[in-house]
Amino acid sequence: MTIAADERALTLDVPSSRPNILVVDDDRFVLAYLRRCLQTEFEVSAYTDPEYALEYVRQGGVSAVLSDVSMPRMSGIELLKAVRGYDPDLPVVLITGARTLEDATSAIEYGVFRYIAKPPDAAELRATLQQATQLYRLARMKRQALELSGAAGASDRVGLELSFESALASVWVAFQPIVSVSRRTIFGYEALLRTRDAALPTPVTLLDAAERLGRLRQLGRMVRRYVTKPLENAQQQALLFVNLHPRDLTDPDLVDKDSPLTAIAHRVILEITERSPLGGIDDVQRHVAMLRELGYRIAIDDLGAGYAGLTSFALLEPEIVKIDMSLTRGVHRSPVKQKLVASLSTLCRDMGMTIVVEGVETVEERDTLAGLGCDLLQGHLFAVPGPAFPEPAWEP
Ligand code: G
Ligand code: MN
C-alpha cells in the first residue's frame, strides 16, 4: 500500500483554518467518495495506508479521523488505539459494515466518537464530523484550562492507562525522618510514593489514576515491595511508617506471612488517612486485628484534614496519630491552632496514643509545637523526603 501523495499535496497546498479531516480507507474508490462528501466543508487528507495516516496524526493539525474498520494491514480499531497513544481527545469516527460491528463495540473503551454504517450517507458524514471537530476544540480548551489550574490528567481510559503504565515504571519510594526534638534522635521514617513521570507527577494524581483504573492494589503492592528494598543493605533500625490506602486493608497480600513487609512488621506502622472514608470496607476491625497479630501497628494519618468523625478512631484504635500539616502551618501565630494542638496532644496521651505532627517547616513552628507537648515531628525543617535514608538537620 502506498501513500496517496497527490491527495496529501492537495490539502497541504490550501492554507486555511477549516478543520482538517484525516480519512483512511484501503479502498481508493471509497476514499475518493468520502473526500467528495467532505471537501465542501473541510480540508481532507486521505490515506489508503493506516500506518502513514498515523504518521500524519503524529505531526499534529488533524481535527478528526474518519476511518474504515476492516483494512488489511491495520484495522480501524488498531488505528484508534494508536491514535489514543498520541492524543486522548482526537475524535475518531469509524465506518462499519454489519460484518465488523462486533469488533467495533470493543472500540468503545478506546473512545470511538461514533460509528457510521456502510454505505455512509453524505449528510450524516458532514454532520458527524462537524460535531466531532467542534467537540475536539472544546476538549482541547478544557485541557488547556486544566493545565492552567495545574490539574491536567488524561480523560479517557486508554490515555489514562498509558500514562499510568509509564508512571508505574518511574515509581520510587522516598523516605522522610520523623524525629524526637527533645532527644535529637530519629524515631522513624515515613515511606512516600514518588514518580518521575510528567503526566502523573504527584502521589495524589497517581493514586487517583490507580483508583479510576481499578489498579490501587497493584500500586499498593508495588510500593510495599519497594519500601523494604533499601533496608536490605542498610543498618537502619528505625520504625517504618507506610501509607496504606483504606481499600488495601482487605488485600490478602498485606497479611501474607511471607511478604517482605510482614517479615519486619514489628517495626512497621501502617498509616491510614482520615481523608478517605473507611465506610464500605468490609470487616475493618477483623482485618486490623489480623494485622496486629502479625506485629503491625496502626496510625491515623492527616488528622484534621478531613472530617472522618469518630469512625476511624473507633474502628482502628490507632497506636499513633499524625496531625495534618494544616494545623502546623503558622501554629506560632495562631492561638486557635495552638489550643487545638495542645488539647489533641493531651487527649491522645490520655488515651495511650502517640502523637506525631507533620509538615514542620520553620523553627518557630517547631518550638511552638514542642512547647505544646509535641515531641515527635516531621517536616522539611528536618529533612525533605529523599532516597533512603536522609539525615535530619537539627540547627539551630
Ligand atoms: O502521607 P501524608 O498525607 O502525610 O503525606 C505527606 C506529604 O507531605 C508528603 O508528600 C510529603 O512529601 C509532604 N511533606 C512532608 N513534609 C512537609 C513539609 O514540611 N511541608 C510540606 N508542605 N509538605 C511536606
Ligand atoms: Mn502519611
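What counts and what doesn't
- Residues numbered from 1 in each chain as written.
- Chains lettered and ligands numbered in written order.
- Predicted model: local features only at pLDDT ≥ 70, side-chain atom pairs only at ≥ 80, totals over all residues.
- Heavy atoms only, no water.
- Helix = DSSP H or I, 4+ residues; strand = E, 2+ residues; numbered from the N terminus.
- Contact = heavy atoms within 4.5 Å.
- Areas by Shrake-Rupley, 256 points an atom, 1.4 Å probe, with all protein chains shown as cover.
- Pairing = 2+ DSSP bridges.
- Axes fitted to C-alpha atoms, helices over the stretch in contact; angles between N-to-C directions.
- Salt bridge = Lys/Arg side-chain N within 4 Å of Asp/Glu carboxyl O.
- Buried < 20%, exposed > 50% of the residue type's maximum accessible area, 1.4 Å probe, protein only.
- Donors = N, O, S within 2.8 Å, 3.2 Å for Na, K, Ca; no water.

K.L.:
An account of the overall build of the chain is requested, with residue identities and associated values reported.
P.N.:
The helix and strand inventory of the chain stands at 15 helices and 13 strands. Intrachain contacts of the chain at a sequence separation of at least 6 include 67% that bridge at least 24 residues. When the accessible area of the chain is evaluated, it comes to approximately 19200 Å², of which 55% is carbon and sulfur surface.

K.L.:
Mind laying out the sheet that holds strand β2 (residues 43–47), listing which residues take part and the relevant values?
P.N.:
Spatially, the 5 strands line up as an open sheet ordered β2-β1-β3-β4-β5, and their pairing is parallel. In this open sheet, the two strands that pair with only one neighbour each are β2 and β5 (114–117). Averaged over all pairs of adjacent strands, the angle between their axes in this sheet comes to 20°, without regard to strand direction. Both strand β3 (residues 64–68) and strand β4 (residues 92–96) contribute to a ladder of 4 bridges, which runs parallel. Paired with Val65 across the bridge in β4 is Val92. Packing of helix α3 (residues 50–58) onto the sheet brings it into contact with β1 (20–24), β2 and β3, and relative to β1 it is tilted by some 160°.

K.L.:
Break down the pattern of salt bridges for me, with residues and values.
P.N.:
Per the counting criterion, the structure on display carries 23 salt bridges. A salt bridge links Glu165 to Arg215; its shortest N-O distance comes to 2.7 Å. A residue pair is termed long-range when its members are at least 10 positions apart, and Glu165 in helix α7 (residues 157–169) and Arg215 in the loop between α8 (203–212) and α9 (216–228) qualify at 50 residues. According to the relative accessible area criterion, Glu165 is partly exposed, its value standing at 39%. The shortest N-O distance in the salt bridge between Lys322 and Glu271 comes to 2.6 Å. Taken as a pair, Lys322 in strand β11 (residues 320–323) and Glu271 in strand β9 (residues 268–273) lie far apart in primary sequence, 51 residues in all. For Lys322, a relative accessible area of 0% translates into the label buried.

K.L.:
I'd like a rundown of the coordination of the manganese ion (ligand 2), residues and numbers included.
P.N.:
For the manganese ion (ligand 2), the protein coordination sphere consists of Glu190 (OE), Asn243 (OD1), Glu271 (OE) and Asp301 (OD), at 2.0 to 2.4 Å. Taken in sequence order, the residues that donate to the manganese ion (ligand 2) follow the motif E-x52-N-x27-E-x29-D. Taken together, the positions of Glu190 in strand β7 (residues 185–195) and Asn243 in strand β8 (residues 239–244) put the pair 53 residues apart, joining distant regions of the chain. By relative accessible area, which is 31% here, Asn243 ends up partly exposed.

K.L.:
Please provide a residue-by-residue account of helix α15 (residues 363–371), values included.
P.N.:
Among all positions in α15, only Glu365, Arg366, Thr368 and Leu369 are buried. Check the buried side of α15 and you find it contacts α13 (325–328), α14 (335–350), β12 (354–357) and β13 (376–378).

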